[in-house]
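Single-letter residue listing:
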Amino acid sequence: MKLLLISNSTNAGEEYLRYPLPEIGRFLDGVREIVFVPYAAVTFSYADYEKKVQARFAELGIRVRSVHRAKDPAALVRGAEAICVGGGNTFALAKKMQQQGLMTAILRKIKAGTPYVGWSAGSNVCCPTISTTNDMPIVEPESFKAIGAVKFQINPHYLDANPAGHAGETREQRILEYIEANPRRWVAGLREGCMLRCEDGKLELIGRRPMRMFRKGVETFEVEPGGDLSFLL
């Protein structure tokens, strides 16, 4: 498998996809065209999303082809040199991917060695389910089942504390609820500015911040960039 799972597209005060672009370029070295899944877009069009991603990927010399233009999106995925799934609303993304058979098609490509890049919702759908997304369920997918390329869950944009004056649950409390209901599954709290790279049977945390790990019966702990993540594989 070749996976690059990014927490967030944009750091505060930066241009879109600026911070992860060098790593994306290294990961997709030699790739000339990607198939892009824009279905997490809600308040802007798929065409606008494609254009936005193309503008950035052009810096890498990579052409972007969006599945929303294809008569048979799954067929486009089956022929892809590489696959990219963008962030936005995870429920909207999952619903459309399920309707078009893209979850299964992408998993087969990943197993065959096709590179996969996702950020935010695009990282979450690479997990067994979308249950650890931060998003509001604005639409109802067929199920919470996702691609399942990795065997653990990711919580993108992981935050350590609530905003000042907010009395609701912290992100950690929500994840503790998840592992209580799903005791056999790890959850990775992936902080902004960080990403997970899986290649050649190795999983690596890239970035300047540690990743917070959750599992029922295991004391919550942090893994620093470069730390051992073999337990997730």
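Looking up the protein chain in an unreviewed UniProt entry gives the name Dipeptidase PepE, with the organism given as Alistipes shahii.

Enquirer: Sorry, what's going on with the pattern of salt bridges here?
Expert: A side chain of one charge can pair with a side chain of the opposite charge when the charged atoms of the two come close. One pass over the full model with this rule turns up 19 salt bridges. Between arginine 69 and glutamate 50 there is a salt bridge, with the nearest N and O atoms lying 2.7 Å from each other. Separated by 19 residues along the polypeptide, arginine 69 in the loop between strand 3 (63–66) and helix 3 (73–78) and glutamate 50 in helix 2 (residues 46–57) bring together distant segments of the chain. On the basis of relative accessibility, which here comes to 55%, the residue arginine 69 falls in the exposed class. Using a relative accessible area of 11% as the deciding quantity, one classes glutamate 50 as buried. For glutamate 172, the salt bridge is made with arginine 212, and the minimal N-O distance between the two is 2.9 Å. In this pair, glutamate 172 is assigned in helix 7 (residues 171–181) and arginine 212 in strand 10 (residues 211–215), connecting sequence segments 40 residues apart.

Enquirer: What is the right way to read the nonpolar core from this model?
Expert: Note that soluble globular proteins tend to have their nonpolar side chains buried in a common cluster. Counting 48 residues, the largest nonpolar core has Met97, Ile106, Tyr116, Ile147 and Leu196 as its most contacted members. Broken down by element, this core gets its largest block of residues, 6 residues, from helix 5 (residues 102–111). Ile24, Phe27, Tyr49 and Ile62 belong to the second-largest nonpolar core, a separate cluster that totals 23 residues.

Enquirer: What exactly am I supposed to notice about the sheet that holds strand 7 (residues 187–191) here?
Expert: Backbone-to-backbone hydrogen bonds pair the strands of a sheet. The strands run either parallel or antiparallel. Read across the sheet, 4 strands follow the order 6-7-10-11 without closing on themselves; strand pairing throughout is mixed. Of all strands in the sheet, those with a lone pairing partner are strand 6 (153–158) and strand 11 (218–223), marking the two edges. Strand-to-strand twist across the sheet, computed as the mean angle between neighbouring axes with direction ignored, equals 20°. Summarising the sheet, strand 6 and strand 7 pair through 4 bridges and their orientation is parallel. Within strand 7, the residue paired with isoleucine 154 across the bridge is alanine 188.

Enquirer: Teacher, can you tell me more about the layout of surface pockets here?
Expert: Remark: the empty space left among the atoms is shown by a probe the size of a water molecule rolled over them. When its volume is computed, the largest pocket comes out at roughly 210 Å³. In terms of lining residues, the largest pocket is bounded by 18 residues, among which Gly87, Gly88, Ser120, Ala121 and His157 are the most central. Contributions of two or more residues to the lining of the largest pocket are made by helix 2, helix 6 (121–124) and strand 6. The residue inventory of the lining of the largest pocket, partitioned by class, reads 6 nonpolar, 10 polar and 2 charged. Taken together, Ser131, Thr132, Thr133, Asn134, Asn155, Arg171, Arg174, Ile175, Glu177 and Tyr178 make up the lining of the second largest pocket. Of all the elements, helix 7 adds the most residues to the lining of the second largest pocket, at 5 residues. Split into classes, the residues belonging to the lining of the second largest pocket amount to 2 nonpolar, 5 polar and 3 charged.

Enquirer: Teacher, can you tell me more about the packing of aromatic side chains here?
Expert: Each aromatic ring pair is summarised here by two numbers: the centre-to-centre distance and the angle between the ring planes. Using the criterion set out here, one finds 10 aromatic pairs in the structure. The interplanar angle of 75° and the centroid separation of 5.2 Å between the aromatic rings of phenylalanine 44 and tyrosine 49 together place this pair among those described as edge-to-face. Every member of this aromatic cluster is reached through a ring pair, and the members are Tyr16, Phe36, Phe44, Tyr49 and Trp119. One residue, lysine 2, lies across the ring of phenylalanine 27, its end atom 5.3 Å from the ring centre. Looking at lysine 96, its charged tip hangs above the ring of tyrosine 39, at a distance of 5.7 Å from the centre.

Enquirer: How should the sheet that holds strand 5 (residues 116–119) be read in this particular structure?
Expert: On the basis of which strands lie adjacent, the open sheet formed by 7 strands has the order 3-2-4-5-1-8-9 and mixed pairing. The sheet terminates laterally at strand 3 and strand 9 (202–206), the two strands that pair on one side only. With strand direction ignored, the average angle separating the axes of adjacent strands in the sheet is 20°. Here strand 4 (residues 83–85) pairs with strand 5 via 3 bridges, running parallel. Bridge pairing links isoleucine 83 to tyrosine 116 in strand 5.

About the cut-offs
Residues numbered from 1 in each chain as written. Predicted model: local features only at pLDDT ≥ 70, side-chain atom pairs only at ≥ 80, totals over all residues. Heavy atoms only, no water. Salt bridge = Lys/Arg side-chain N within 4 Å of Asp/Glu carboxyl O. Helix = DSSP H or I, 4+ residues; strand = E, 2+ residues; numbered from the N terminus. Buried < 20%, exposed > 50% of the residue type's maximum accessible area, 1.4 Å probe, protein only. Core = buried A, V, L, I, M, F, W, Y, C linked by side-chain atoms within 4.5 Å. Pairing = 2+ DSSP bridges. Axes fitted to C-alpha atoms, helices over the stretch in contact; angles between N-to-C directions. 1 Å grid on protein atoms, 1.4 Å probe; cavity = no way out; pocket = protein on both sides within 12 Å on 5 of 7 lines; lining within 4 Å. Points joined across faces, edges and corners; volume = space filled by probe spheres on them. Nonpolar A, V, L, I, M, F, W, Y, C, P; charged D, E, K, R; others polar. Phe/Tyr/Trp six-rings, centres within 6.5 Å; stacked < 30°, edge-to-face > 60°. Lys NZ or Arg CZ within 6 Å of the ring centre and 35° of its normal.

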